[in-house]
Amino acid sequence: MRWALVRVCLAVTVMVVAAFAVPLGAAVQQMARDRAFTGAERQAATIGPVLTVTTDRGQVEKAVASTQPGAESGMAVHMPRDPYGAPDSGWDIGEGRAPASDVAAVRDNGQVSRAAVRGGWVVLQPTALGAGRMAVVEVFVPQDAVGEGVATAWLVLGAVAAALLLGSVAVADRLGVRVVRPAERLARAAHELGEGRLAARVVAGGPAELRAAGVAFNSMADQVVALLEAERELAADLSHRLRTPLTVLRLNAASLGDGQAAEQTRAAVEQLEREVDTIIRTAREQRPRTSAAQGGEIPGCDAVEVIRERMEFWSALAEDEGREARLAGVAEPVRLPVARAELTACLDAMLGNVFRHTPLGAAFAVDVHRGEDAVIVMVSDAGGGIAEPDAALSRGNDGERQGSTGLGLDIVRRLAESTGGDVSVGRSVLGGAEIRVRFLRDARQADARAQGRARGRRRAGAQSPPSAGAPSKGAAARAHRARSGAGEEPASAAGSAGAAASGSAARRGRRRAARP
């Protein structure tokens, strides 16, 4: 917009300069021409009194030589012939340049005339001698004299035009800055707000329309913050409602006695209580965790350590169900730019789905592959696979998928995309589903790619991921794990392990009851 204003102002100034400078230059040129011819006529008029007094050739030659044009061989006098045949008539003084026909025409009509000759112009002025006789005084006007001062005038006009153009560009640029800078501030604040920086505000300035837009933007940002705050409070309130049934579960678990199933149930209930407390605290934080782009540090953890810990937990349940569990690629530690709790929730979501959606005895495996800039975690099973991978990765469940809330793999996808990675669903070598999760290892590169992915989704019109200030991925994952503990889709150690442990205990009870 700034350069557009400059171009418009420049075009208008050029038209104004052309409208005034060209006619003014032409007028200056005409004035110089008239000045040269007027001076020549005045020089010719100085010979008139001499011719009126005397026609003596010597006297006339002296008079011609006394003038400036005469001294420069620029004046001539053409005397008429005496009608009575006097021998001293019909002579010419000086170097004549005008054609004889032009001289005769001036002598006949008695009017001043101008004629173009080689090297310039001549002014022919008649002078009456009496008895109907007419002498003609010729004054030569060089071409340089006709255009004297014109070039200087054009240079002055050009300088004035250039100054006007530069002035108009400077004025237009200042006007453009006054309009563009508030617009740039507004656009920058909108981008920051879109990237999750909820503290972004704009200083209203510029024209009235932009000031109104800035005030409206600030009002919108305040409303967004208020809505997110209300959402966090609602999440905290809803999570608090789980305390009563959790208390009942804890009391019932304490009365189960000894045994592996009882210990697993009590551990799951304790974990679920801790997760609910974490959800409440996180939801009510005044300053949610932000990304590295906002000046904070992205938390990190050793992915191999977390994977070993979760596989040790799930392997006990796999043994009860007769499942073969395999772990590969965990010989050396590898650090990822994600929080430990969120990576734990991610693994529990994938492994919990294996136990819930595959038949008893179906094997599963977890493989870790390291790259120079990325780490790939693959969870595969020997179940029936996933018929609709795109639907499995979408968030939420409209009721068509029984036994699923549609949040488990969405938590996995969001965590991977927060590092700039991705998630894909395919067919594993075991014959079932394979969930391939790619994490980027560089925190700065991960944050830049995550922001680029978010901007791409906004341009495509898709729903953008939660921004900073909204309930974080960890809060969403913990909420999902809380729901899993309440009997929905397993997404964490609390929910998934609790459901799986309960199922294992029930199956062991049925086997003991069936014994003779």
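Summary of the structure given here.

Reading the values: rules and limits
- Residues numbered from 1 in each chain as written.
- Predicted model: local features only at pLDDT ≥ 70, side-chain atom pairs only at ≥ 80, totals over all residues.
- Heavy atoms only, no water.
- Helix = DSSP H or I, 4+ residues; strand = E, 2+ residues; numbered from the N terminus.
- Contact = heavy atoms within 4.5 Å.
- Phe/Tyr/Trp six-rings, centres within 6.5 Å; stacked < 30°, edge-to-face > 60°.
- Buried < 20%, exposed > 50% of the residue type's maximum accessible area, 1.4 Å probe, protein only.
- Lys NZ or Arg CZ within 6 Å of the ring centre and 35° of its normal.
- Lys, Arg positive; Asp, Glu negative; His and termini not counted.
- Salt bridge = Lys/Arg side-chain N within 4 Å of Asp/Glu carboxyl O.
- Pairing = 2+ DSSP bridges.
- Core = buried A, V, L, I, M, F, W, Y, C linked by side-chain atoms within 4.5 Å.
- Axes fitted to C-alpha atoms, helices over the stretch in contact; angles between N-to-C directions.
- Parallel < 35°, antiparallel > 145°, perpendicular 65-115°, else oblique.
- Left-handed = near helix turned anticlockwise from the far one by under 90°.
- Nonpolar A, V, L, I, M, F, W, Y, C, P; charged D, E, K, R; others polar.
- Patch = residues over 30% accessible without salt bridge, like charges linked within 9 Å, V, L, I, M, F, W, Y side chains within 5 Å.
- Areas by Shrake-Rupley, 256 points an atom, 1.4 Å probe, with all protein chains shown as cover.

1. Concerning the environment of Ala-36
(1) Moving on: Relative to the helices and strands, Ala-36 resides in helix α1 (residues 2–45).
(2) Moving on: Non-local contacts of Ala-36, meaning those with residues more than four positions away in its chain, are made with Val-141, Ala-145 and Val-146.

2. Regarding the packing of aromatic side chains
(1) Moving on: Applying the stated criterion across every chain, the model contains four aromatic pairs.
(2) Moving on: Ring centres of Phe-37 and Trp-121 lie 5.7 Å apart, and the angle between their planes is 70 degrees; this geometry places the pair in the edge-to-face category. Of this pair, Phe-37 sits in helix α1 while Trp-121 is found in strand β4 (residues 120–130), placing the two residues 84 residues apart along the sequence. In this structure, Phe-37 and Trp-121 share a single accessibility class: buried.
(3) Moving on: Feature note: the residues Phe-313, Trp-314, Phe-355 and Phe-364 constitute an aromatic cluster, connected by ring pairs.
(4) Moving on: Positioned over the ring face of Trp-121 is Arg-33, at 4.4 Å from the centre of the ring.
(5) Moving on: Taking NZ or CZ as reference, Arg-97 lies 4.2 Å from the ring centre of Phe-140, over its face.

3. Focus on the side chain of Glu-434
(1) Moving on: Of note, Glu-434 is situated in strand β12 (residues 433–440).
(2) Moving on: Buried and unpaired, Glu-434 has Arg-436 as its nearest opposite-charge partner, separated by 6.2 Å.
(3) Moving on: When sequence neighbours within four positions are dropped, the list of residues in contact with Glu-434 reads Met-378, Val-379, Ser-380, Ser-424, Val-425, Gly-426, Arg-427 and Ser-428.

4. With respect to the pattern of salt bridges
(1) Moving on: The tally for this structure, following the rule as stated, stands at 16 salt bridges.
(2) Moving on: Between Arg-413 and Asp-410 there is a salt bridge, and its shortest N-O distance comes to 2.6 Å. Taken together, the residues span about one helical turn, with Arg-413 and Asp-410 both in helix α14 (residues 408–418) at a distance of three residues.
(3) Moving on: Assessed through its relative accessible area of 0%, Asp-410 is described here as buried.
(4) Moving on: As a salt-bridge pair, Glu-417 and Arg-413 come within 3.1 Å of each other at their nearest N and O atoms. A residue pair is termed a helical-turn pair when its members lie 3 or 4 positions apart in one helix, as Glu-417 and Arg-413 do in helix α14 at four residues.
(5) Moving on: Taking the relative accessible area as the measure of exposure, Glu-417 reaches 15% and is therefore buried.
(6) Moving on: Here the salt bridges do not stand alone but share partners, grouping Glu-305, Glu-309, Arg-310, Arg-340 and Asp-348 into one network.

5. Regarding the pairing of strand β3 (residues 113–117)
(1) Moving on: As paired elements, β3 and β4 share five bridges and run antiparallel to each other. Of the residues in β4, the one forming a bridge with Ala-115 is Val-122.
(2) Moving on: The hairpin formed by β3 and β4 contains two residues between the paired strands, and Gly-119 there has a positive phi angle of roughly 90 degrees.

6. Structural notes on the nonpolar core
(1) Moving on: Core analysis: the biggest nonpolar cluster contains 38 residues, and Ile-307, Leu-343, Met-350, Val-412, Val-437 and Phe-439 have the highest contact counts within it.
(2) Moving on: Secondary structure elements with two or more residues in this core: α11 (303–320), α12 (340–357), β9 (364–370), β10 (374–381), α13 (389–393), α14, β11 (422–427) and β12.
(3) Moving on: Within the second largest apolar cluster, 21 residues are counted, among which are Phe-37, Ala-40, Val-64 and Val-137.

7. Quick notes on the packing of α12 against α14
(1) Moving on: At their nearest, the axes of α12 and α14 sit 9 Å apart, and the two run at 140 degrees to each other. Relative to α14, α12 is oriented oblique. Crossing handedness for the pair α12 and α14: left-handed. When α12 is examined against α14, the residues Glu-342, Leu-343, Cys-346, Ala-349, Met-350 and Asn-353 are found in contact with a partner set consisting of Gly-408, Leu-409, Val-412 and Leu-415.
(2) Moving on: The residue makeup of the contact of α12 with α14, split by class, is seven nonpolar, two polar and one charged.

8. A short note on the sheet that holds β3
Hydrogen bonds along the backbone pair up the strands of a sheet, which may run parallel or antiparallel.
(1) Moving on: Pairing in this open sheet of five strands is antiparallel, and the strands run β2-β1-β5-β4-β3 from one edge to the other. If you trace the sheet from one side to the other, it starts and ends with β2 (92–93) and β3, each paired once.
(2) Moving on: Direction of pairing for strand β1 (residues 75–78) relative to strand β5 (residues 133–142): antiparallel, over a ladder of four bridges. Bridge assignment links His-78 to a residue of β5, and that residue is Val-136.

9. A few points about the environment of Leu-256
(1) Moving on: Looking at the element boundaries, Leu-256 is found in the loop between α9 (243–254) and α10 (260–283).
(2) Moving on: Residue class for Leu-256 comes out partly exposed when judged on its relative accessible area of 47%.
(3) Moving on: It is 8.9 Å that separates the C-alpha atoms of Leu-256 and Arg-266, two residues lying ten residues apart in sequence.
(4) Moving on: Look past the residues within four positions of Leu-256 in its chain and what remains in contact with it is Ala-262, Thr-265 and Arg-266.

10. Here we look at the sheet that holds β12
(1) Moving on: Pairing within the open sheet is mixed, and its five strands lie in the order β7-β9-β10-β12-β11. Where the open sheet ends on each side, the last strands, each with one partner, are β7 (325–328) and β11. Within this sheet the neighbouring strands show an average axis-to-axis angle of 15 degrees, counted without direction.
(2) Moving on: Across the sheet, α14 is in contact with β11 and β12; its angle to β12 comes to roughly 25 degrees.

11. Thoughts on a nonpolar patch on the surface
(1) Moving on: On the surface, Val-8, Val-12, Met-15, Val-16 and Phe-20 cluster together into a nonpolar patch covering about 510 Å² of accessible area.
(2) Moving on: Given the relative accessible area of 42%, Val-16 is considered partly exposed.

12. Side note on the pairing of β10
(1) Moving on: Within β10, eight of the eight residues are buried, leaving the element largely enclosed by the surrounding structure.
(2) Moving on: The alternating pattern of β10 places Ala-374, Ile-376, Met-378 and Ser-380 on one face and Val-375, Val-377, Val-379 and Asp-381 on the opposite face, and all of these are buried.
(3) Moving on: As consecutive antiparallel partners, β9 and β10 are separated by three residues.
(4) Moving on: The pairing of β10 with β12 spans seven bridges and is antiparallel. Residue Val-377 lies in a different strand from β12, and its bridge partner there is Val-437.

13. Notes on the packing of α11 against α12
Between two packed helices, the angle of one axis relative to the other and the distance separating the axes together describe the packing.
(1) Moving on: At a minimum axis separation of 10 Å, α11 and α12 run at an interaxial angle of 30 degrees. Relative to α12, the crossing made by α11 is right-handed. Within the contact between the two elements, α11 uses Ala-303, Glu-305, Val-306, Ile-307, Glu-309, Arg-310, Met-311, Trp-314, Leu-317 and Ala-318 and α12 uses Arg-340, Leu-343, Thr-344, Leu-347, Asp-348, Leu-351, Gly-352 and Phe-355.
(2) Moving on: Taken together, the residues of the contact of α11 with α12 sort by class into eleven nonpolar, two polar and five charged.

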